[in-house]
Amino acid sequence: MPAPASPGRPRLALVGLVVLLAVSLAIRLWAVGLDGHSGDVLVIHRWAELMAEVGPWQFYGHSLSIYPALLYLYWPLGLALDGEALDLAIKGSSIPFDLAIGVILFAVVRGMAGAGRGLAAAALYLLNPAVVIAGPMWGQVDAAGTLLFLAALVALARPRYALAAALAMLAGLVKPQFGLVLLPVAVVAVLDWRATGRLAAPLRVAGAGLATYLAVTVPLLLDPVRLVQDVIAISNYKQVVSVSAPNPWALAFGYDKPDGGYAIVGAGLLLLGVAASLLVLRRGRGLSSLLTAGLLIVFAFYFLPTRVHERYLFPALALWAPMAASSRASLAGYVAVSAAIAASLVASLASFMPGFPDVADLLLTPVALWAQGLTLMSAALLQGWLALRSSARPRIP
């Protein structure tokens, strides 16, 4: 257990958090001005303008998006801004979510392991180059789904089933892959039912999840069949073993190679991997076990199926941070994974943008691909083992 805090320590820790948030904000505001993924920004720019022009109720009559919850984020931006100002706002839209993740990491880890480790966990995420590249530099907002993913697990540990289910459903409506957090929420609710004989937990999960889904999709006039069809259509757009993720499929075949029958193999492996990840919850349902299960699910989704993008590992940078702040071995793996993810992001940007710095071309070589892939897999295996060992203990994290 950490030593009892002196009266001045909580105040000093809060000052440290404020300084960290200010530095993180400054870094991100600088990164917004860097060259990013102009294609992604252009697509989002059109969504924002369309939402401003026709409103949510007519959006799906004119366009397609499998990120319905994000449309409400871009709607006011489209109403208020235009041109380059709108592009900059889109690139900066991940910033408040990043900062909120830092605050949650600080609060959660401070309560479990002390303010120093709380600050360390927040810093590992907020000062992470991969996070900065994927968000304000690239122009994507994976931090929004990651925030909801993390918050759902924290709420589930309380346990606040309705809140956890609402956050998890909203995460899935931000981007489908973040909806995987619904699985541990549902499993814990069922385990509660089996332990107590009361249906309260599953009913709260079902009710809150449905209410959240309707609150997001009804104003958009988006029916579930259309949403599922759009998700399938997008997933079939690039039928390759790996779009841009240096995972085992990329090491075996390279990028942009047709996946053919391997798609079914990958889907089967994903189901097995997710099921195995949820078995962690049989050991316990505290936050340590929940973070472990969530992290393993993210690993499964990145390493096992085909058609994976480089940013699908992004949530691990938040879920892993509490463990990295408490263990040197976990910290070493976290740093290695962060470097490999950052390299893969820069490589992806370099492949998309011919004018990207020439040094980035080195990251597109077969040697660099193998270095990134082996680093990611080795660190993930190490962290998986460390997390499983830690989750078996009563102490958190």
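All values reported here derive from a predicted model rather than from experimental measurement.

About the criteria used
- Residues numbered from 1 in each chain as written.
- Predicted model: local features only at pLDDT ≥ 70, side-chain atom pairs only at ≥ 80, totals over all residues.
- Heavy atoms only, no water.
- Axes fitted to C-alpha atoms, helices over the stretch in contact; angles between N-to-C directions.
- Helix = DSSP H or I, 4+ residues; strand = E, 2+ residues; numbered from the N terminus.
- Parallel < 35°, antiparallel > 145°, perpendicular 65-115°, else oblique.
- Contact = heavy atoms within 4.5 Å.
- Nonpolar A, V, L, I, M, F, W, Y, C, P; charged D, E, K, R; others polar.
- Buried < 20%, exposed > 50% of the residue type's maximum accessible area, 1.4 Å probe, protein only.
- Salt bridge = Lys/Arg side-chain N within 4 Å of Asp/Glu carboxyl O.
- Core = buried A, V, L, I, M, F, W, Y, C linked by side-chain atoms within 4.5 Å.
- Bend = angle between axes of the 7 residues up to and from the residue.
- Phe/Tyr/Trp six-rings, centres within 6.5 Å; stacked < 30°, edge-to-face > 60°.
- Lys NZ or Arg CZ within 6 Å of the ring centre and 35° of its normal.
- pLDDT = per-residue confidence, 0-100.
- Polar contact = N/O pair within 3.5 Å; in protein donor to acceptor, adjacent residues only side chain to side chain.
- Left-handed = near helix turned anticlockwise from the far one by under 90°.
- Patch = residues over 30% accessible without salt bridge, like charges linked within 9 Å, V, L, I, M, F, W, Y side chains within 5 Å.
- Areas by Shrake-Rupley, 256 points an atom, 1.4 Å probe, with all protein chains shown as cover.

A.B. asks: Could you clarify how one ought to interpret the packing of helix H2 (residues 38-54) against helix H4 (residues 68-80) in this entry?
C.D. replies: Each packed pair of helices is defined by two parameters, the angle between the axes and the distance between the axes. At a minimum axis separation of 7 Å, H2 and H4 run at an interaxial angle of 75°. It follows that H2 is roughly perpendicular to H4 by the angle criterion. Along the contact surface, H2 presents Ile44, Trp47, Ala48, Met51 and Ala52, while H4 presents Leu71, Tyr74, Trp75, Gly78 and Leu79. Residue composition of the contact of H2 with H4, by class: nine nonpolar, one polar and no charged.

A.B. asks: What's the story with the environment of Leu382 in this structure? I'm lost.
C.D. replies: Structurally, Leu382 can be placed in helix H20 (residues 366-391). Judged by relative accessible area, Leu382 falls into the partly exposed class, the value being 33%. Leu382 sits 312 residues away from Leu70 along the chain, and the two C-alpha atoms are 34 Å apart.

A.B. asks: Please explain the pattern of salt bridges as it appears in this structure.
C.D. replies: Close approach of charged atoms lets side chains of opposite charge pair. A full pass over the atoms with the stated rule returns six salt bridges. Where Arg226 meets Asp230, a salt bridge forms, and the shortest distance between an N and an O atom there is 2.8 Å. Of this pair, Arg226 and Asp230 both sit in helix H13 (residues 224-235), four residues apart, which is roughly one turn of that helix. With a relative accessible area of 23%, Arg226 lands in the partly exposed category. Across the salt bridge formed by Arg307 and Asp259, the nearest N and O atoms sit 2.6 Å from each other. Of this pair, Arg307 sits in the loop between helix H16 (287-303) and helix H17 (316-319) while Asp259 sits in the loop between helix H14 (248-253) and helix H15 (262-278), and the two are 48 residues apart along the sequence. Residue Arg307 is classed as buried on the basis of its relative accessible area, which comes to 18%.

A.B. asks: What exactly am I supposed to notice about unusual backbone geometry here?
C.D. replies: The phi torsion of most residues other than glycine is negative, and most of the peptide bonds are trans. Between Arg158 and the following residue, Pro159, the backbone shows a cis peptide bond with an omega angle of 0°. The backbone phi angle of Asp256 is positive, close to 55°, even though this residue is not glycine. By the element assignment, Asp256 lies in the loop between H14 and H15.

A.B. asks: Help me understand the nonpolar core in this model?
C.D. replies: Residues Tyr125, Phe299, Leu313 and Trp320 are the most contacted members of the largest nonpolar core, which totals 126 residues. Per-element accounting of this core gives the leading share, 13 residues, to H16. Here Leu313 is in contact with Val298, Phe299, Tyr302, Val337, Ile341 and Leu376, once residues within four sequence places are set aside.

A.B. asks: Would you take a moment to explain H4 for this structure?
C.D. replies: It helps to recall that an α-helix has 3.6 residues per turn; residues three or four apart then point in one direction. At Tyr74, H4 shows its maximal bend, which comes to roughly 30°, and the proline Pro76 appears one to four places after that position. Residues of H4 that are buried include every one of Pro68, Ala69, Leu70, Leu71, Tyr74, Leu77 and Gly78, and no others.

A.B. asks: Please clarify how the packing of aromatic side chains should be interpreted in this entry.
C.D. replies: Given two aromatic rings, their pairing is described by the distance between the two centres and the angle made by the two planes. In this structure the tally under the stated criterion is 12 aromatic pairs. On the basis of an interplanar angle of 85° and a centroid distance of 6.3 Å, the ring pair of Trp57 and Trp75 is categorised as edge-to-face. Remark: Trp75 occurs in helix H4 and Trp57 occurs in helix H3 (residues 56-59); sequence separation between them is 18 residues. Summarising the aromatic geometry, the rings of Phe59 and Tyr60 are spaced 5.2 Å apart at their centres and angled 75° between planes, so their arrangement reads as edge-to-face. Per residue, the accessibility class of Phe59 equals that of Tyr60, and both read buried. Aromatic ring contacts, followed pair by pair, group Phe299, Tyr302, Phe303, Trp320 and Tyr334 into a single cluster. Positioned above the aromatic ring of Tyr67, the side-chain terminus of Lys175 is 5.2 Å from the ring centre.

A.B. asks: Mind showing me how you'd approach the confidence of the model for the chain here?
C.D. replies: When pLDDT is low, close inspection of the predicted coordinates is not appropriate. When pLDDT is averaged along the chain, the result is 92; 94% of the residues meet or exceed 70. Segment residues 1-7: pLDDT under 50, and four contacts once partners within four positions in sequence are set aside and those in other chains are kept.

A.B. asks: I keep staring at the environment of Leu170 and nothing clicks. Help me out?
C.D. replies: Relative to the elements of secondary structure, Leu170 occurs in helix H10 (residues 161-174). Note: C-alpha distance between Leu170 and Ala134 (36 residues apart in sequence) is 21 Å.

A.B. asks: Can you help me understand the side chain of Ser277 in this one?
C.D. replies: Locating Ser277 in the fold gives a position in helix H15. Residue class for Ser277 comes out buried when judged on its relative accessible area of 4%. In this structure the side chain of Ser277 is engaged in a polar contact, spanning 2.8 Å, whose partner is the backbone oxygen of Gly273. For Ser277, the side chain forms a polar contact with the main-chain oxygen of Leu296, separated by 3.4 Å. Filtering out sequence-adjacent residues up to four positions away, Ser277 remains in contact with Ala293, Leu296 and Ile297.

A.B. asks: Got a minute to help me understand the environment of Gly78 in this structure?
C.D. replies: Mapped onto the fold, Gly78 is located in helix H4. Expressed as a C-alpha distance, the spacing of Gly78 and Val32, which sit 46 residues apart in the sequence, is 18 Å. The residues touching Gly78, leaving out its near neighbours within four places in the chain, are Ala48, Ala52 and Leu86.

A.B. asks: Just checking my understanding: could you explain the packing of helix H9 (residues 142-157) against H10 for this structure?
C.D. replies: Contact geometry of H9 with H10 gives a least axis separation of 8 Å together with a crossing angle of 160°. Taken together, the axis directions place H9 and H10 in an arrangement best described as roughly antiparallel. H9 and H10 meet at a crossing whose hand is left-handed. Counting all contacts with H9, which are made through Ala144, Gly145, Leu148, Phe149, Ala151, Ala152, Ala155 and Leu156, the residues of H10 involved are Tyr161, Leu163, Ala164, Leu167, Ala168, Leu170, Ala171 and Val174. Tallied by class, residues from the contact of H9 with H10 come to 15 nonpolar, one polar and no charged.

A.B. asks: In this structure, what is going on with a nonpolar patch on the surface? I would like to understand it.
C.D. replies: Side chains of Phe253, Tyr262, Val265, Leu269 and Leu272 sit close together on the surface and give an oily, nonpolar patch of about 450 Å² of accessible area. The biggest single contributor to the nonpolar patch is H15, with four residues. Looking at the element boundaries, Phe253 is found in helix H14.

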